[in-house]
Amino acid sequence: MGADHAAPPLAYIGPGAGFAAAGSLLVLLGTFALAFGIILIWPFKAAIKVVYRRGKTKAKVKRVLVIGLDGFDPKMAARYADRMPNFARLQAQGCHSELGTSIPSISPVAWSTFATGVDASRHNIYDFLTRDPCSYMPVLSSTDTRTVPRNINLGFAKVPFGQRAVYKILQKSQPFWKLLGANMVWSSIIRVPITFPPQKFKNGTLLSGMCVPDLQGTQGSFSFYTSDESKLGAATGGQRFRVVRRSNAVESNLKGPPGADGVSMKCPFTVQMDATTGKAAITVGKETVEVGVGEYTPWMEVPFDGVQGIARLRIQRWDDEAVSVYVTPINIDPESPAMPLSHPFVYSIYLAKMLGKFSTLGLAEDTWALNERVIDEAAFLDQAYLIMDERKKQLWDVLDKTKKGFVTVVFDTTDRVSHMFWRYLEKDHPANEGKDTTEFVDVIPELYGKADALIGEVMERIEGDDDTLLMVVSDHGFCSFQRGVNLNAWLRDEGYLVLKDGAETSGDWFEKVDWEKTRAFTLGLTGIFINRKGRERVGQVEPGEELDSLCREIKDKLEALVDPKTGERAINEVFLTAEVHDGPYADMAPELLVGYHRGFRHSWDCAVGAVSKETFSDNTKSWSGDHCVDPRLVPGVFWCNQKIDVEDPTLADIAPTVLDLFGVDAPAYMKGRRLFGSMGGGDAAPDRLRSTEQAKV
């Protein structure tokens, strides 16, 4: 077996996760017991709800449905309008508008603003990654998942008793569905990003989205098994293994979480090809399925000692020259979850038993497998649309079961496909070199058509229901990503970042950075941190006048930065966090937020804290489109089957709007406005303070 490599940049980064296995019989019994209990207490809860709501402001609608289309772009929607008749019909019923996004314009920030109605300085999420100010090492911004010792306290001593898993969400403020639940309004929340670990709330169910780890404790680690020596070696976002074909069969092991001895557990699998039929029997554990080359298996159970995951396998190649098998990241089994995936805990079990097993990984579509070319575009598309079909089933289920209250389901497919197929829209994109440029040229137009078909089916299901208000939103738009900018290299050249022993370059995670001489650095995709005294362990810059002067100096220089290859300015505007955000968590955020021009973004090595020789580089990865630019360049979209009273809606407006529609007062800290001020015959309430980020941007 070959070497096991798993270099971890960006969205792949994930801390180790502890797993507490639950016996399937006990879980099943618990599920039925809970369901029976819910049925028994339903009449009492209904009576309490009637009494509680008496005297409260009357709801203006019976049901609110929000469909989230991550990364759905208004310019692309206009470009492919002929493929989108249902969106046109929805606009005719109500309205259509661009939707102001967050600053920074990146999914964990934007969806957190959607959920809480506040900006990043109030919900504490500025990126996928941040740095630990004590070690300068990367940590996930949204989730802290770890194992800690379990002790029995005897009073005079604590006796060690194994390990226990601790899950903590780092997002601050509170989601608006928690406020709805406290006011006896039911909510069904499906796969909204940054909802892991699932927070408890009254009167509702939730299935977690972005940041759910895989069974190895990462944010998505594929496996690739091949006899082709040229396909082995290091793999960003996954691991590659050498296999040997014997008697038209291969066998190996799937890698699981660490066992009691700290060594990764293994689950054997075999692939036996029938040369006559061209079909292969794939066996994982005790389960065997039959597929052809280029076909995904259904979700297969992957058993380890005390814990179980699920994965899909796909034979990428099987010929006289070589064999290759791709395995998706091993997802936590929703039917036997090793850690909480939903609220209540049994909700994921219910969905799996009713609808079939489904992907649970936060970043479900395996973008790194395509970036690394261990799968091709066809395999990625098949996977993306299988996941989209799973999400549809979950949408139809919650629509059928939530006749009153709030429902939201977020679809990631629109974002992931746009990231990976944008290069097909631009013949001169650097990512096209050495790759096909024609076979999938219609994928993004077809994607917008598929989104339209989804909305058409939603509209059919609520047709004639005048008491359901439908909104379709995206968290941000999209644009090209042709050129990467390593701001750590620029900071080095300008004397703000210093490497040890006169080194010119540095590896991932600031390998050679001399913190005693460094004043500024960056990792992730959105901003620059100042090495500040009193905050960073080896801080060099005094808060106050010195800090302000340095930030202004870096801002002015960066806004004049020109790409020597294109002659274009790379950055539209650098936003000083202290000027655009005034919330309590701005102090730990990057001091400067970088608003790139279209076509530019943090380079891949910059995102993982490396310092390259050159500042600019071509982006040659399949991930060829992006949105981590000036937020004004990538607004999201907004459609509704009712007209709104605001000309320029933003993501921050959704939370207070939904609360108002159900007669719940929005907390004073929310930064958004009510979009339907006069709906239901009432007078429009005075607008709340506009989002600071919108006012400044």
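Keep in mind that this is a model prediction, so the values were computed, not measured.

Some remarks on the overall build of the protein
In terms of helices and strands, the protein carries 17 helices and 31 strands. In the protein, buried positions account for 59% of the 697 residues. Considering only contacts within the protein whose residues lie at least 6 apart along the sequence, 67% involve residues at least 24 apart. Carbon together with sulfur atoms contributes 52% to the accessible area of the protein, which is approximately 27,300 Å² in total.

Examining the packing of helix H10 (residues 413-421) against helix H11 (residues 443-461)
Two numbers describe how H10 lies on H11: the axes approach to 10 Å, and their chain directions differ by 175°. With respect to H11, the element H10 is oriented roughly antiparallel. On H11, the residues that touch Thr413, Thr414, Val417, Ser418 and Phe421 of H10 are Val443, Ile444, Leu447 and Ala451.

Let's talk about the packing of aromatic side chains
Within the structure shown, the criterion is met by 29 aromatic pairs. Arranged with centres 5.9 Å apart and planes meeting at 25°, the rings of Trp422 and Phe478 form a pair that is stacked. With Trp422 in the loop between H10 and H11 and Phe478 in the loop between strand S22 (468-473) and strand S23 (479-485), this pair connects stretches of sequence that are 56 residues apart. Comparing Trp422 with Phe478 shows no difference in burial state: the two are buried. Counting every residue linked through ring pairs, the aromatic cluster contains Phe72, Tyr80, Phe87, Tyr448 and Trp639. Looking at Lys450, its charged tip hangs above the ring of Tyr385, at a distance of 4.6 Å from the centre. We note Arg461 situated over the ring of Trp396; from NZ or CZ to the ring centre the distance is 4.0 Å.

A look at the nonpolar core
Counting 63 residues, the largest nonpolar core has Ile67, Phe72, Leu395 and Phe421 as its most contacted members. Take this core: its biggest share by element is 10 residues, from helix H9 (residues 377-401). Ranked by size, the runner-up nonpolar core spans 44 residues in total, among them Phe510, Trp515, Phe600 and Val608.

Points about the pattern of salt bridges
Within this structure, the stated rule accounts for 44 salt bridges. Ionic pairing is found between Asp465 and Arg63, a salt bridge with its closest N-O pair at 3.2 Å. Of this pair, Asp465 sits in the loop between H11 and S22 while Arg63 sits in strand S1 (residues 63-69), and the two are 402 residues apart along the sequence. With relative accessibility at 25%, the residue Asp465 sits in the partly exposed group.

Quick notes on the sheet that holds strand S18 (residues 323-327)
Strands in a sheet are paired, the pairing made by backbone hydrogen bonds, and the direction either parallel or antiparallel. Here we have 4 strands laid out as an open sheet, ordered S10-S9-S18-S17, and mixed in their pairing. Looking along the sheet, the strands with just one partner apiece sit at the ends: strand S10 (238-242) and strand S17 (313-318). If you compare each strand with its neighbour and ignore which way they point, the axes differ by 15° on average. For S17 and S18, the ladder comprises 5 bridges, and the chain directions are antiparallel. The residue bridging Arg317 from the neighbouring strand is Ser324, located in S18.

Topic: the pairing of strand S25 (residues 527-530)
Neither face of S25 is left uncovered, since the one carrying Gly527 and Phe529 and the one carrying Ile528 and Ile530 both have all their residues buried. Direction of pairing for strand S24 (residues 520-521) relative to S25: antiparallel, over a ladder of 2 bridges. Of the residues in S25, the one forming a bridge with Phe521 is Phe529. From the end of S24 to the start of S25, which pair antiparallel, there are 5 residues, and Gly524 there has a positive phi angle of about 80°. Both S25 and strand S27 (residues 592-596) contribute to a ladder of 2 bridges, which runs antiparallel. Bridge pairing links Gly527 to Leu593 in S27.

Focus on the side chain of Ser418
As for its position among the elements, Ser418 is in helix H10. A residue is classified by how much of its surface remains accessible, and Ser418, at 2% relative accessible area, is buried. Leave out the neighbours within four places in its chain, and Ser418 touches Ile444, Leu447, Phe478 and Gly625.

Observations regarding the sheet that holds strand S20 (residues 342-343)
Taken together, the 8 strands give an open sheet; going across it, the order is S2-S31-S22-S1-S21-S7-S8-S20, and neighbouring strands pair in mixed fashion. Whereas interior strands pair on both sides, the edge strands pair on one side only; in this sheet they are strand S2 (95-99) and S20. Each of strand S7 (187-190), strand S8 (204-207) and S20 touches helix H7 (residues 347-355); the most contacted strand, S8, lies at about 75° to it. The strands that helix H16 (residues 654-661) touches are S1, strand S21 (405-411), S22 and strand S31 (636-640); relative to S22, the one it contacts most, it runs at about 175°.

Observations concerning the packing of H7 against H9
Close contact between H7 and H9 brings their axes to 11 Å; oriented N to C, the two are set at 105°. The orientation of H7 with respect to H9, classified from their angle, is roughly perpendicular. Each of Tyr347, Tyr350, Leu351 and Leu355 in H7 lies in contact with H9, whose residues at this interface are Lys393, Gln394, Asp397, Val398 and Lys401. Its residues assigned to classes, the contact of H7 with H9 shows 5 nonpolar, 1 polar and 3 charged.

Remarks on H10
With 9 of 9 residues buried, H10 lies mostly within the body of the structure. Residues of H10 that are buried include every one of Thr413, Thr414, Asp415, Arg416, Val417, Ser418, His419, Met420 and Phe421, and no others.

Here we look at unusual backbone geometry
In this model, Phe196 is joined to Pro197 through a cis peptide bond whose omega is -5°. Note that the residue after His343, namely Pro344, is joined by a cis bond; omega there is -10°. Following the sequence through the fold, Pro344 ends up in the loop between S20 and H7. Of note in the backbone geometry, Tyr136 takes a positive phi value of approximately 70° without being a glycine. Along the chain, the position of Tyr136 falls in the loop between strand S3 (129-131) and strand S4 (138-140). Taking the relative accessible area as the measure of exposure, Tyr136 reaches 1% and is therefore buried. Even without being a glycine, Asp501 presents a positive backbone phi close to 55°.

Quick word on the environment of Thr218
Tracing the backbone shows Thr218 in the loop between S8 and strand S9 (222-226). Using a relative accessible area of 11% as the deciding quantity, one classes Thr218 as buried. Once the C-alpha coordinates of Thr218 and Gly238 are considered, the two residues, 20 residues apart in sequence, prove to be 9.8 Å apart. At 3.0 Å, the side chain of Thr218 forms a polar contact with the backbone nitrogen of Gly220.

The rules behind each value
- The written sequence of each chain sets the order in which its residues are numbered from 1.
- Reporting of local features is limited, given that this is a predicted model, to residues whose pLDDT is at least 70; pairs of side-chain atoms are given and counted only at 80 or more, and all residues count toward the totals for whole chains, interfaces and linings.
- Values reported for side chains reflect all heavy atoms of the structure, with hydrogen atoms and water molecules removed beforehand.
- Helix and strand definitions follow DSSP, with helices as H or I runs of at least four residues and strands as E runs of at least two, each counted in order from the N terminus.
- When a residue's accessible area, from a 1.4 Å probe over protein chains only, is under 20% of the maximum for its type it is buried; when over 50% it is exposed; and in between it is partly exposed.
- Two residues form a contact once any of their heavy atoms are found within 4.5 Å.
- Residue-level accessible areas treat just the shown protein chains as cover; the underlying method is Shrake-Rupley with a 1.4 Å probe.
- Fitted lines through C-alpha atoms give the axes, limited to the stretch in contact for helices. The angle between two N-to-C directions lies from 0 to 180 degrees.
- For this classification, under 35 degrees means roughly parallel, over 145 means roughly antiparallel, 65 to 115 means roughly perpendicular, and everything else is oblique.
- Aromatic contacts are taken between Phe, Tyr and Trp rings whose centres are within 6.5 Å, Trp giving its six-membered ring; a plane angle under 30 degrees counts as stacked, one over 60 as edge-to-face, and the others as tilted.
- Cation placement over rings: the criterion is NZ of Lys or CZ of Arg within 6 Å of the ring centroid and within 35° of the ring normal.
- Put simply, buried Ala, Val, Leu, Ile, Met, Phe, Trp, Tyr and Cys residues joined by side-chain atoms within 4.5 Å make one nonpolar core.
- In what follows, salt bridge is the name for a side-chain nitrogen of Lys or Arg lying within 4 Å of a carboxyl oxygen of Asp or Glu.
- Criterion used throughout: strands pair if DSSP finds at least two bridges between them.
- Think of it as three bins: nonpolar holds Ala, Val, Leu, Ile, Met, Phe, Trp, Tyr, Cys and Pro, charged holds Asp, Glu, Lys and Arg, and polar takes everything else, Gly as well.
- In the analysis that follows, any N or O atom pair within 3.5 Å is treated as a polar contact, provided that within protein one partner can donate a hydrogen and the other can accept it, and provided that, for residues neighboring in sequence, both atoms belong to side chains.

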